[in-house]
Amino acid sequence: MALQQFAPIAALIILAVVLTFIISNISTIFGPSNNTSRKTAPYESGMQPIGVGMRRMPVKFYLIGVLFILFDIEVIFFLPWAVVFRDLGFYGLAVMGLFFFILTIGLIYEWKKGALEWE
Amino acid sequence: MTFNELSWEALAFGAFTILTLGGALGVVFNRNLVRGAVWLVVSLFGVAGFFVLLSAPFLAAVQVLVYIGAIGILFTFAVMLTRSMTNLSERFNKQAWLSALAAVTLFLLILLAVIAPIFGEIAAPSSEVVATTEDLGVALVSGDKFVLPFEVASLLLTAAMIGAIVIAREED
C-alpha cells in the first residue's frame, strides 16, 4: 500500500503532538512565575484538598473499563463485516445475527445485574 | 516503488522503532506505574505504525482503538486499583533473578525464531495481493474459513462479560 495515503494521518499526529507541547508549555516559558504555597496547591474547586492525590480507585471503574473493552472488540468484529454487508446478503446477516444474539445475552445479563448502574 | 518512497518508508520504520523500543524502555525503567502505563501507550502506538508499514491498515486501526484506547485505560485502572503501587519502593525481591532469566530466555528464543529463517533458504516475497478489510469481512463469515471461530469469539466475549460482572460485583 502506498505510504503517501497515510501522509494526512501523519500530518495530523505531528500537528497534534507539536500543538499540545506548545499549548501546555507556552505559559510556563513566557509567563511570570512567582509561586506561593496557595498557588501551587492542587485546585479542588475552592475547597481545601483532603488526603493524598493518589489513592485507590473503587473497583467499579475497572468493571466499566472491562465492559468497554468487550464492546470495543465487538465493534471491531462488526467493522469488516459492515464493509462487505451488501455483497454477503442474507447469509452474512444470519451469521452476524447469531454473533449479535450471543452478545446480547451478555448485555441482558449485565443490565439485569445492574452493572450499568452507578450507585 | 521509487527510491523516494522507499526512503520515506525507512524513515517511518526508524521512527516507529524508536517509539516502540523507547516506550518499552520507559515502561521498564519508570518507577511510577501510572507513568509506565503512559509509556506503554507510546510503545503500542509504535506497533500500530508497524502495522501500517506492513500494509495492514485495519490492524493499525484496531491497535489504536483496542490497545491504546481500551487496554491502556484498563492498565491505568488496574494500577490505580492496587494499593501503593503508584509509588513502588521495593524494586528488587528474590524473584528478580528468576524473572530476568525467564525474560532473557524468552527473548533469545524469539530472536532465534526471527533470525533463523534468514540463514536458511530465503523465502520468496509474499504475493503482491494485500488482504483488505473487505477480504477480512468475507473471510470472517464464509463457511470454509473463519465462521466458527467468529461465532465462538462472541461466546468468549459473553463469558468474559459475565465473569467480569461476577468477580467485580462479589459483594451483592
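(A) Up close: the overall build of chain B. Looking only at helices and strands, chain B has six helices and zero strands in total. Listed N to C, the secondary structure of chain B is α-α-α-α-α-α in terms of helices and strands. Taken across its 172 residues, chain B has 14% of its residues classed as buried. Long-range pairs, those at least 24 residues apart, make up 49% of the contacts in chain B with a sequence separation of at least 6.

(B) Spatial organisation of the overall build of chain A. A tally of regular secondary structure across chain A gives four helices and zero strands. Listed N to C, the secondary structure of chain A is α-α-α-α in terms of helices and strands. Radius of gyration (C-alpha) of chain A: 24 Å, far over the 14 Å computed for a compact globule of 119 residues. Across the 119 residues in chain A, those meeting the buried criterion constitute 11%.

(C) Structural view of the nonpolar core. Counting residues in each nonpolar core, the largest one holds 15 residues, and the members touching the most others are Val66(A), Leu67(A), Trp81(A), Leu157(B), Met161(B), Ala164(B) and Ile165(B). Put simply, the parts of the chain that give this core at least two residues each are helix 3 (59–83) and helix 4 (85–113) of chain A together with helix 5 (133–141) and helix 6 (147–168) of chain B. Sort the elements by how many residues they give to this core and helix 3 of chain A lands first, with five residues. Counting residues in each nonpolar core, the second largest holds nine residues, with Ala37(B), Ala56(B), Ala60(B) and Phe75(B) among its members.

(D) Here's a closer look at the packing of helix 3 of chain A against helix 6 of chain B. At their nearest, the axes of helix 3 of chain A and helix 6 of chain B sit 10 Å apart, and the two run at 170° to each other. With respect to their mutual orientation, helix 3 of chain A and helix 6 of chain B come out roughly antiparallel. Counting all contacts with helix 3 of chain A, which are made through Val59(A), Lys60(A), Tyr62(A), Leu63(A), Val66(A), Leu67(A), Leu70(A), Ile73(A), Glu74(A) and Phe77(A), the residues of helix 6 of chain B involved are Ala153(B), Leu157(B), Ala160(B), Met161(B), Ala164(B), Ile165(B) and Ala168(B). Classifying every residue of the contact of helix 3 of chain A with helix 6 of chain B gives 15 nonpolar, no polar and two charged.

(E) How the structure looks around the interface of chain A and chain B. Taken together, the contact pairs 39 residues of chain A with 44 residues of chain B. Elements that contribute at least two residues to the side of chain A that touches chain B include exactly helix 3 and helix 4 of chain A. A total of 19 residues in the side of chain A that touches chain B trace back to one element, the largest contributor, which is helix 3 of chain A. Looking at the side of chain A that touches chain B residue by residue, the classes come out as 30 nonpolar, three polar and six charged.

About the thresholds
- Residues numbered from 1 in each chain as written.
- Chains lettered and ligands numbered in written order.
- Predicted model: local features only at pLDDT ≥ 70, side-chain atom pairs only at ≥ 80, totals over all residues.
- Helix = DSSP H or I, 4+ residues; strand = E, 2+ residues; numbered from the N terminus.
- Buried ≥ 20, exposed ≤ 12 C-beta atoms within 10 Å, placed from the backbone.
- Contact = placed C-beta atoms within 7 Å.
- Rg over C-alpha atoms; globule rule 2.2 N^0.38 Å.
- Core = buried A, V, L, I, M, F, W, Y, C linked by C-beta atoms within 7 Å.
- Axes fitted to C-alpha atoms, helices over the stretch in contact; angles between N-to-C directions.
- Parallel < 35°, antiparallel > 145°, perpendicular 65-115°, else oblique.
- Nonpolar A, V, L, I, M, F, W, Y, C, P; charged D, E, K, R; others polar.

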